[in-house]
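# Coordinate inspection notes
Here is how the chains run, residue by residue.
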Amino acid sequence: MSNNIMKLVEQYSTIHQKYDPQQISDRTFFVDASNQNLATIPSEILELKDLEEVHLENNQIEEIPADIQYLKNVKILYLNKNKLSKLCPQLTGLGNLEGLDLSDNPLLPSSLLVLCNLRRLRQLRLYRTQLREVPVQICKHLHHLELLGLSGNNLTSLPKEIVNQTKLREIYLKQNELEAFPPELCVLCNLEIIDLDDNKLTAIPGEIGNLTRLWKLYAARNDLHFLPESLCQCSKLSVLDLTHNRLHSIPRTLEELSEMTELGLSGNPLEKVPRLVCRWTSLHLLYLSNTGLRALRRSFWRLVNLRFLDLSQNHLESCPSHLCVMKNLEVLALDDNKIRQNLKELYMENNYLEDLPVALGSMPNLEILDCRHNLLKQLPYSICQAQALKELLLEDNLLTQLPEDLDSLVNLKALTLTGNPMEEPPIGVCTEGKEAIFTYLKEKRNMKVLATKIQAWWRGMMVRKGLGGFEELVKLRKKGKNSPKDKKGKKGGKGKPVKEKKK
């Protein structure tokens, strides 16, 4: 390896490292001293003039030393989750600072004026700092801000001067005391993300249509009764979270939002799926929990790109048939509805299923279950409870054994296992058909019961003849070969170890 390459390797190794006073060097560009229980910023860090990124979050730092001014090359500084109550004037010496996080500190509002001189600042996070108002001077002097984080404070409004933040792309105002949508935001045409969750908003102004670059709008858990029709002008909007408001409908004009991928409407008294939602075919995530739904629209099948669908806590009385054509659906929540399962035939052949849901046992009317040509490795024990089952088709899977009580399915007429690497019962038995399989399962179960009885009798005899106490016999048995079940612990209903009860 040449000398030049060796130098490059050495230089790279000093760029990123966890804080360690013995390993730190003059050529360090990145230091992570977070979670170290530090009471102050170590002098070793303040001497590193090449530093560009410093992580000091989650410590016990109460004061920033004046020597911070010597870190003139620092661009990113994390001081969140400390005990800072004020900021030292020397902080203004960080002329290259672009990102500053002071969240979760009990800062005095007056100390924030120091930040006005950090003219290159692009990201400022002041989450949960007990702010009641945003200092006007910050809005007047910091003209390069792209991200402003103010969530978790006590803000009731924003200063008018915030209109000076013409480069602002992201603003986070979650969990404040805002009763009205800050109208000043509608002037900031570069905004892409607005987070107003958990406030007291009653309306969104029509001027929001000016934000043509808006990409994500979060307004969950407010008091919104309607949406402005002008929202359709935010043509790039792809994420809209309106969960837990008081919306009864959505303006038809919003149909024009063709790039919508995530929509949250849970907790609104809709009673019906808004018609335009079924035209947002690009949707991937749709939240409709607790919206008073009794059925889905016929056009719901158009949402073929859905991956996540939450229909829980509604009044659905049957499993919507529309869902069968949604080939990309990965997660479906139907809990807490009024579904009465009348399903008699279930066809799932030619897929990539590795497991079957335990809920199969709660389908009392199921007569045909076709799972041929999948990747099933085992059957849930609950399938033995589907007593109406007449046909169980399992060809071309990866099954090696069957539930030991499968023969309790007294109505079963057809059981096919061709193309599975069966071990219990053996392949030879499986090829003879259902009757041979059931006979094998019964005999094996009877043998297990007999073996248990013989073992109990033998132990009793040994104890009665004085050949050893019961505890000693148990110890002798443990010295022998334990079964996998003994090693792993007691099995639960799903084949998983039973968890201990919480105390």
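Residues numbered from 1 in each chain as written. Predicted model: local features only at pLDDT ≥ 70, side-chain atom pairs only at ≥ 80, totals over all residues. Heavy atoms only, no water.

The name an unreviewed UniProt entry assigns to the protein is Leucine-rich repeat protein SHOC-2, from the organism Phyllostomus discolor.

The step from E424 to P425 runs through a cis peptide bond, and the omega angle for that step is -5°. Structurally, the position occupied by P425 is in the loop between β19 (414-416) and α4 (427-430). Positioned with a positive phi, D396 is a non-glycine residue whose angle comes to about 55°. As for its placement among the helices and strands, D396 is situated in the loop between β18 (391-393) and β19. (Helix = DSSP H or I, 4+ residues; strand = E, 2+ residues; numbered from the N terminus.)

Quick look at a nonpolar patch on the surface now. There is a patch of nonpolar side chains on the surface, built from M447, L450, I454, W457 and W458 and spanning about 570 Å² of accessible area. Following the sequence through the fold, L450 ends up in helix α5 (residues 434-464). Assessed through its relative accessible area of 43%, L450 is described here as partly exposed. (Patch = residues over 30% accessible without salt bridge, like charges linked within 9 Å, V, L, I, M, F, W, Y side chains within 5 Å. Areas by Shrake-Rupley, 256 points an atom, 1.4 Å probe, with all protein chains shown as cover. Salt bridge = Lys/Arg side-chain N within 4 Å of Asp/Glu carboxyl O. Buried < 20%, exposed > 50% of the residue type's maximum accessible area, 1.4 Å probe, protein only.)

On to the environment of Y440. With respect to the secondary-structure elements, Y440 resides in helix α5. Separated by 10 residues in the primary sequence, Y440 and C430 place their C-alpha atoms 9.5 Å from one another. With residues up to four places along the chain from it excluded, the contact list for Y440 reads E424, P425, P426 and V429. (Contact = heavy atoms within 4.5 Å.)

Neighbouring strands of a sheet are bound in pairs by backbone hydrogen bonds; such pairs are parallel or else antiparallel. If you walk across this open sheet you meet the four strands as β16-β17-β18-β19, and the pairing is parallel. Each edge of the sheet is formed by a strand with only one pairing partner; in this case those strands are β16 (345-347) and β19. Ignoring strand direction, the axes of neighbouring strands in this sheet form an average angle of 5°. As paired elements, β16 and strand β17 (residues 368-370) share three bridges and run parallel to each other. Paired with E345 across the strands is I368, a residue of β17. (Pairing = 2+ DSSP bridges. Axes fitted to C-alpha atoms, helices over the stretch in contact; angles between N-to-C directions.)

Let us now look at the pattern of salt bridges. For the structure on display, the rule yields 15 salt bridges. For the salt bridge of R128 with D104, the shortest nitrogen-to-oxygen distance reads 2.8 Å. Of this pair, R128 sits in the loop between β6 (123-125) and α3 (136-141) while D104 sits in the loop between β5 (99-101) and β6, and the two are 24 residues apart along the sequence. When its relative accessible area of 41% is taken as the criterion, R128 is described as partly exposed.

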